[in-house]
Amino acid sequence: MRLEEYVAELDARYDADVRMPWSPATGPGYHTRVPEGARAHQTKLAADYAIALLRLGRADRAGEVLDALADLQVTDPLSAHYGIWGWFMEEPPEQMSPADWNWADFIGVRLAQVLAVHGRLLEPRVRRRVRAALHHAAMSVFRRNVDPGYTNIAVMGAVTAAAAGQLLRPGPPQAPAPAPRDVDDALEFVDGELLLDFGRRRLRAVLALHDEAGGFTEYNSPAYGRVVLEELERAALIVTDPAFRAVAEQLRELTWAALAERFHPGTGQLAGPMSRAYHDRIQPDLAAYLRAQTGAPIGAAGQAGRQAEPHVPPLLVAPLPCPRPIAERFRALPSVPYQVRTRFSSDTTGTSWFAEDACLGSADEEFAWVQRRPLLGYWRTPDDPAVVLRARMSLNGHDLSAAWCRQHQEGPRVLSAWWLSYDSGDFHPVLDRPAGSVFHVGDLRLSVTLGGRGVEARELGDGVFALRAGERQAVVHTAPARFLDRTRTWQAVNDDGEARVEVRLHQGPSTPLDFHQARLRAAFALELLAPGEQPGTAAVTGDHDGDGLLRWRWDGLRVSSPAEPTPFDR
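The rules behind the values
- Residues numbered from 1 in each chain as written.
- Predicted model: local features only at pLDDT ≥ 70, side-chain atom pairs only at ≥ 80, totals over all residues.
- Heavy atoms only, no water.
- Helix = DSSP H or I, 4+ residues; strand = E, 2+ residues; numbered from the N terminus.
- Rg over C-alpha atoms; globule rule 2.2 N^0.38 Å.
- Buried < 20%, exposed > 50% of the residue type's maximum accessible area, 1.4 Å probe, protein only.
- Areas by Shrake-Rupley, 256 points an atom, 1.4 Å probe, with all protein chains shown as cover.
- Lys, Arg positive; Asp, Glu negative; His and termini not counted.
- Charge placed at Lys NZ, Arg CZ, Asp CG, Glu CD.
- Pairing = 2+ DSSP bridges.
- Axes fitted to C-alpha atoms, helices over the stretch in contact; angles between N-to-C directions.
- Phe/Tyr/Trp six-rings, centres within 6.5 Å; stacked < 30°, edge-to-face > 60°.
- Salt bridge = Lys/Arg side-chain N within 4 Å of Asp/Glu carboxyl O.
- Expected span 1.5 Å × (residues − 1).
- Contact = heavy atoms within 4.5 Å.
- Polar contact = N/O pair within 3.5 Å; in protein donor to acceptor, adjacent residues only side chain to side chain.
- Core = buried A, V, L, I, M, F, W, Y, C linked by side-chain atoms within 4.5 Å.

**What to know about the overall build of the protein**
Okay, step 1: Scanning the protein for helices and strands turns up eleven helices and 28 strands.
Okay, step 2: A globule of 570 residues ought to have a C-alpha radius of gyration of about 25 Å, and the protein, at 25 Å, matches this closely.
Okay, step 3: The proportion of buried residues among the 570 residues of the protein is 57%.
Okay, step 4: Split by element, the accessible area of the protein, about 23100 Å² in all, is 50% carbon and sulfur.
Okay, step 5: In the protein, 62 positive and 73 negative side-chain charges are present, and the distance between their average locations comes to 2 Å.

Right, here's the structure in full:
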């Protein structure tokens, strides 16, 4: 989509009375109470609209939008929500469930771009208001000081603070002026060096953590890997400090290298595991970006060679190309077959296996939040560029954050053991923790799913099942599961567009259950087979070891899981 088309779409939805464009409300299922699809006015979209307008020279309309954004920011430094915005005009931070402090970073960094690139286009009153808003946002970022393991926000906040430190520095001495009338006028007293130094230190901390751990804490994330790249590109656009820019470029190369390491050219997807993903397949905007910056024939939603979707929004930050040696990895695997094992943090190591037409990845220990993909694979078929293989634990129809797994993978074979935790959230790891860890359980199931065109689930006998598409199959070896001292067996299920092998651990009227007592014994093994390969014959076995662990074994793979529920934060 061209910039002019993007702006025209938002122009058509511009509400002059609130000075912002409207759009249907969307969200991940937490933070906001605004109903999905309701007509609402998004603050981040408004900031992007202002940047797009300024790129077209439409400073008057952009000024209206920026004025509206300034009105919606919490500016009282004694407020718990100081410096942030709500996601929507209709829902200020104090009405959210709870507020999202990341909006100081998301909006602040965009206001920094407005000032750095287009500030001279703004009339003085609007420019002062934008400067004040950036000041409040940067001080909110400074006060919060997130852990460097929160990769995308740590980087975004560093760029916000560093840019603010440079942009809000006092100018050259001028004739005496009247006493400041409001916060806008008082900005001459901002300590720019404090914010710039904070930004430098924050960015260095992200780099140091990566080097110490061996990878990014938010590992292999199609959503936030792209956010990190955009913010490092934005830093190149708006931050002039040489020390900051040098670290930003190091992180940019490392981010590209991390994405390349798990890219599978045969399906156009990132192999699992993933720390944070909102979709099972690469979306059109990311596919278009990867294609443009690497030169590789990467299609949207796994469709190799497909042209960019017409409704992909234009880039509002000038992109920087993927470094050439790294870009070659997006075109071809280093060898076939190929396996990579990466230590992402002190708690998590990921293993990914690749063939020409298929890939499979797993984390050795991870929880089952909706954004996690602890076991994820793809393969190409004549009917589908990338069928999706996943393991997940669901409670009442949604992914359960309180569920954990430990896994052992070698090549295209994985042994996976699962248990439950307490002091966890339900849909979100921390935002919706039930009192006393009492969850209301109506439907609890562990599933291995295959999604796409032409998928099928079949029972092969003796607790062995096949998930098939095209000429490949994922064979799932199961053992009877036990939950609350009841034994449950696995079954094959075929729905429209999805085939599953699942064990229904509980199904019935909603029952309050204290997860301190939610004992679960469940494991399966999976092997991704090529045409002509026969399934293994070994059985999945599990035994108590006397030390509170279940020791699971299958065909040379071994993994242990707690026999009792554990605290979520162990």
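That was the structure; now back to the text.
**Structural notes on the sheet that holds strand β26 (residues 549–554)**
Okay, step 1: Read across the sheet, three strands follow the order β25-β26-β27 without closing on themselves; strand pairing throughout is antiparallel. At either end of the open sheet lies a strand with only one pairing partner, and these are β25 (541–544) and β27 (557–562). Going across the sheet, the axis of each strand differs from the next one's by a mean of 25°, ignoring polarity.
Okay, step 2: The pairing of β26 with β27 spans six bridges and is classified as antiparallel. Within β27, the position partnered with W554 by the bridge is L557.

**Here's the deal with the packing of aromatic side chains**
Okay, step 1: This model, assessed by the stated rule, comprises 18 aromatic pairs.
Okay, step 2: Summarising the aromatic geometry, the rings of F263 and F330 are spaced 5.1 Å apart at their centres and angled 45° between planes, so their arrangement reads as tilted. Remark: F330 occurs in the loop between α11 (324–327) and β7 (338–343) and F263 occurs in strand β5 (residues 263–264); sequence separation between them is 67 residues. Pair check on accessibility: F263 and F330 agree, each one buried.
Okay, step 3: An aromatic cluster is defined as three or more aromatic residues linked by ring pairs; in this entry it consists of F367, W369, W404, W419 and F568.

**Re the pairing of strand β23 (residues 498–514)**
Okay, step 1: Two elements, strand β16 (residues 438–451) and β23, share 13 bridges in a ladder whose sense is antiparallel. Note on β23: the bridge partner recorded for V438 is D514.
Okay, step 2: Here strand β22 (residues 490–495) runs beside β23; their pairing, made up of six bridges, is antiparallel. Along β23, the bridge assignment pairs D495 with E498.
Okay, step 3: Following β22, the chain reverses through two residues before pairing antiparallel with β23; G497 in that reversal takes a positive phi of roughly 80°.

**Side note on the pattern of salt bridges**
Okay, step 1: One pass over the full model with this rule turns up 44 salt bridges.
Okay, step 2: The closest approach of N and O atoms between R252 and E249, which form a salt bridge, is 3.0 Å. With a gap of three residues between them, R252 and E249 both fall in helix α9 (residues 242–261), about one helical turn apart.
Okay, step 3: Its relative accessible area of 7% is what places R252 among the buried residues.
Okay, step 4: Classification of E249 as partly exposed rests on a relative accessible area of 29%.
Okay, step 5: When the shortest N-O distance is used, the salt bridge between E502 and R500 registers 2.8 Å. For the pair E502 and R500, a shared accessibility class is recorded, and that class is buried.
Okay, step 6: Within the structure, one salt-bridge network assembled from shared partners comprises D443, R445, D495, E498, R500, E502 and R504.

**Quick look at unusual backbone geometry**
Okay, step 1: Cis geometry is found at the peptide bond from G272 to P273, where omega equals 0°.
Okay, step 2: Along the chain, P273 turns up in the loop between β6 (269–270) and α10 (284–294).
Okay, step 3: Put simply, V336 and P337 share a cis peptide bond, and its omega is -5°.
Okay, step 4: With respect to the helices and strands, P337 occurs in the loop between α11 and β7.
Okay, step 5: Phi at H31 is positive, roughly 75°, even though this residue is not glycine.
Okay, step 6: Looking at the secondary structure, you find H31 in the loop between β3 (23–24) and β4 (39–40).
Okay, step 7: We note that D462 has phi near 55°; this positive angle belongs to a residue other than glycine.

**What about helix α7 (residues 192–213)?**
Okay, step 1: The end-to-end C-alpha distance of α7, which contains 22 residues, comes to 32 Å, matching closely the 32 Å that a straight helix rising 1.5 Å per residue would cover.
Okay, step 2: Where α7 is concerned, the buried positions are G192, L195, L196, F198, G199, R200, R202, L203, V206, L207, H210 and A213.
Okay, step 3: If you follow the buried residues of α7, they end up packed against α5 (124–144), α6 (151–167), α9 and β7.
Okay, step 4: Looking at where α7 begins, the residue whose side-chain oxygen comes 3.3 Å from the main-chain nitrogen of E193 is D191.
Okay, step 5: One or two residues past the end of α7 sits G214, with phi positive at roughly 100°.

**What to know about the side chain of R373**
Okay, step 1: For R373, the position within the fold is in the loop between β10 (365–367) and β11 (375–379).
Okay, step 2: Judged by its relative accessible area of 4%, R373 falls in the buried class.
Okay, step 3: Within the structure, the side chain of R373 is placed 3.0 Å from the side chain of D280, a separation counted as a polar contact.
Okay, step 4: Look past the residues within four positions of R373 in its chain and what remains in contact with it is P273, M274, A277, Y278, H279, D280 and R390.

**Some remarks on the environment of L513**
Okay, step 1: Relative to the helices and strands, L513 is located in strand β23.
Okay, step 2: Judged by its relative accessible area of 12%, L513 is buried.
Okay, step 3: C-alpha separation for the pair L513 and V441, spaced 72 residues apart in sequence, amounts to 6.7 Å.
Okay, step 4: Beyond its immediate stretch of four places on either side in the chain, L513 contacts S437, V438, F439, V441, F483, L484 and A518.

**Thoughts on the environment of W22**
Okay, step 1: Topologically, W22 is positioned in the loop between β2 (20–21) and β3.
Okay, step 2: Between the alpha carbons of W22 and P480 there is a distance of 51 Å; along the sequence they are 458 residues apart.
Okay, step 3: For W22, the residues in contact, after removing those within four places along its chain, are R13, D15, R39, A40 and H41.

**Concerning the nonpolar core**
Okay, step 1: The biggest cluster of nonpolar side chains holds 79 residues, and the ones touching the most others in it are L66, W85, V130, L203, V239, F244 and L251.
Okay, step 2: In this structure L203 touches V155, A158, F244, V247, A248 and L251, once residues within four positions along its chain are discounted.
Okay, step 3: If you look at the next biggest cluster of nonpolar residues, it comprises 48 residues, including L360, Y422, A518 and A522.

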